[in-house]
Amino acid sequence: MSSTHYSEKSQFLRTFGRDGLLQIFLIANSFIMIAPIVIMVFSAFKPTMTIFRHPFSLPDFTDFSNFVAIWTDTNFVRYFFNSLLITGSAILAILVLGTLAAYALARYEFKGSSFILLFFLAGLTLPLKLAVIPLFVLMRDLGLLDTQLSLILIYVAMGLPSAVFIMTGFIRSLPGELEDAARMDGASEARIMWSVMLPLTRPAMVIAAINNLVPIWNDFFFPLIFLQNESLKTLPQGLTGFMGEYTTNWGVLFAGLTFAAAPITLLYIILSRQFINGMTSGAIK
């Protein structure tokens, strides 16, 4: 009995030790991820002097002066809606074009389909920023410089490879019996795709959307190159205007960063269930 009891106790300690180390690692990782966000939000409710004197102290959450200043005294609202328009248009185009391409590559066999898929996958290995000079010349020749359409086209080209890669793998895992049953009922190919297959791909679409949403919303490089008009600037580009050469109103800047991060954070919380379902179902399949 003592030997069995000792063996069970040793097994429990080994298991608890592994689980305990994993829990410690996850808690430390969560703290590293959340701490900068908490400091940013706290600083948004503080004046600049308080941020430097008491950076970790609790702020007065009833003081909305920084938020009022950024909403009324700056072009933040214009920057926000510019980012919303560019990001929303790019994500919509990526999902529509990526889903159509992935569906054709995954459900139909035709000559050259493997080459087309490899062509899309090649886009994952080539950073689009390396082609900034040819892109600039192309947009200049098309007359699209200093327009929001230039950024939308660039972001669509940048996001399509990952969307096609994610969607193709997911659609291929769907059972073909669903299509066969719909065809026997007289459904057209467009009807099968729209009513039968696409509702099942919602988790993969959420993954593709979030995978492209964050880098597009936070991008600073391409707006800096292709947008010069003040009324067309995006949030990351516009927020740099709050940083002066000698003085910076850090309270207003942190308020702007909080506003900028809020939509993506809330959207991720709302779609987190779909995102997790898509990741786990893809792993199982």
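Conventions we followed
- Numbers given for residues are sequential positions, taken from 1 along each chain in its written order.
- Selection of residues for local features in this predicted model requires a pLDDT of at least 70, selection of side-chain atom pairs for listing and counting requires 80 or more, and totals for whole chains, interfaces and linings are taken over all residues.
- The side-chain numbers reported here are obtained from all heavy atoms of the structure, hydrogens and water having been left aside.
- UniProt positions are given in the numbering used here, feature names are shortened, and annotations may be inferred rather than shown by experiment.
- Helix and strand assignments come from DSSP, with helices taken as H or I runs of at least 4 residues and strands as E runs of at least 2, each series counted from the N terminus.
- Type-normalised accessible area, obtained with a 1.4 Å probe on protein chains alone, sets the label of each residue: buried when under 20%, exposed when over 50%, and partly exposed for intermediate values.
- Residue contacts follow a heavy-atom distance rule, with two residues in contact if any of their heavy atoms lie within 4.5 Å.
- Pairing of aromatic rings covers Phe, Tyr and Trp, the last counted by its six-membered ring, and requires centre-to-centre distances within 6.5 Å; plane angles under 30 degrees mean stacked, over 60 mean edge-to-face, and any other angle means tilted.
- Every angle, taken between N-to-C directions, lies between 0 and 180 degrees, and every axis is a line fitted to C-alpha atoms, over only the stretch in contact when it is a helix.
- We call a crossing left-handed when the near helix sits turned anticlockwise from the far one by less than a right angle, and right-handed when that turn is clockwise.
- Basically, the charged four are Asp, Glu, Lys and Arg, the nonpolar ten are Ala, Val, Leu, Ile, Met, Phe, Trp, Tyr, Cys and Pro, and anything else, Gly included, counts as polar.
- Residues are said to line a cavity or pocket when one of their atoms sits within 4 Å of a point; the points come from a 1 Å grid over protein atoms alone, cavities being sets where a 1.4 Å probe fits but cannot get out and pockets being open sets with protein on both sides within 12 Å along at least five of seven lines.
- Grid points are joined across faces, edges and corners, and a volume is the space filled by probe spheres set on the points.

Looking at an unreviewed UniProt entry, the protein chain carries the name Carbohydrate ABC transporter membrane protein 2 (CUT1 family), with the source organism given as Martelella mediterranea. Looking at the Subcellular location (unreviewed entry) heading of the UniProt record, one finds this comment for the protein chain: "Cell membrane". According to UniProt, the comment filed for the protein chain under the heading Sequence similarities (unreviewed entry) is "Belongs to the binding-protein-dependent transport system permease family."

Draft legend 1. Examining the side chain of Asn82 more closely. Take Asn82: it is sitting in helix H4 (residues 76-107). A relative accessible area of 10% places Asn82 in the buried class. With sequence-adjacent residues up to four places away left out, Asn82 is seen in contact with Gln148, Ser231, Leu232 and Lys233.

Draft legend 2. Representation of the packing of aromatic side chains within the structure. Per the stated rule, a full pass over the model turns up 19 aromatic pairs. On the basis of an interplanar angle of 80° and a centroid distance of 5.9 Å, the ring pair of Phe80 and Trp217 is categorised as edge-to-face. One end of the pair, Phe80, is in helix H4; the other, Trp217, is in helix H10 (residues 202-218), with 137 residues separating them in the sequence. Neither Phe80 nor Trp217 differs from the other in exposure class; each is buried. Connected via pairs of aromatic rings, a cluster forms that spans Phe42, Phe45, Phe61, Phe64, Phe67, Trp71, Phe76, Phe80, Phe81, Trp217 and Phe259.

Draft legend 3. Molecular detail of the packing of H4 against helix H7 (residues 148-172). At a minimum axis distance of 6 Å, the contact between H4 and H7 shows a crossing angle of 35°. Regarding H4 and H7, the two cross each other, and that crossing is right-handed. Taken together, the residues of the contact of H4 with H7 break down into 20 nonpolar, 7 polar and 2 charged.

Draft legend 4. Seen up close, the layout of surface pockets. The calculated volume of the largest pocket comes to roughly 380 Å³. Together, 13 residues line the largest pocket, and Gly123, Leu126, Leu128, Ala157 and Pro161 are the ones closest to its centre. Counting only elements with at least two residues in the lining of the largest pocket, the list comes to helix H5 (113-122) and H7. With 4 residues, H7 is the largest single contributor of residues to the lining of the largest pocket. Here the second largest pocket is characterised by a volume of approximately 250 Å³. In terms of lining residues, the second largest pocket is bounded by Ile210, Leu213, Val214, Trp217, Asn218, Ala260, Ala261, Ile264, Thr265 and Tyr268. Secondary structure elements with two or more residues in the lining of the second largest pocket: H10 and helix H13 (250-284). Within the lining of the second largest pocket, the residues separate by chemical class into 8 nonpolar, 2 polar and no charged.

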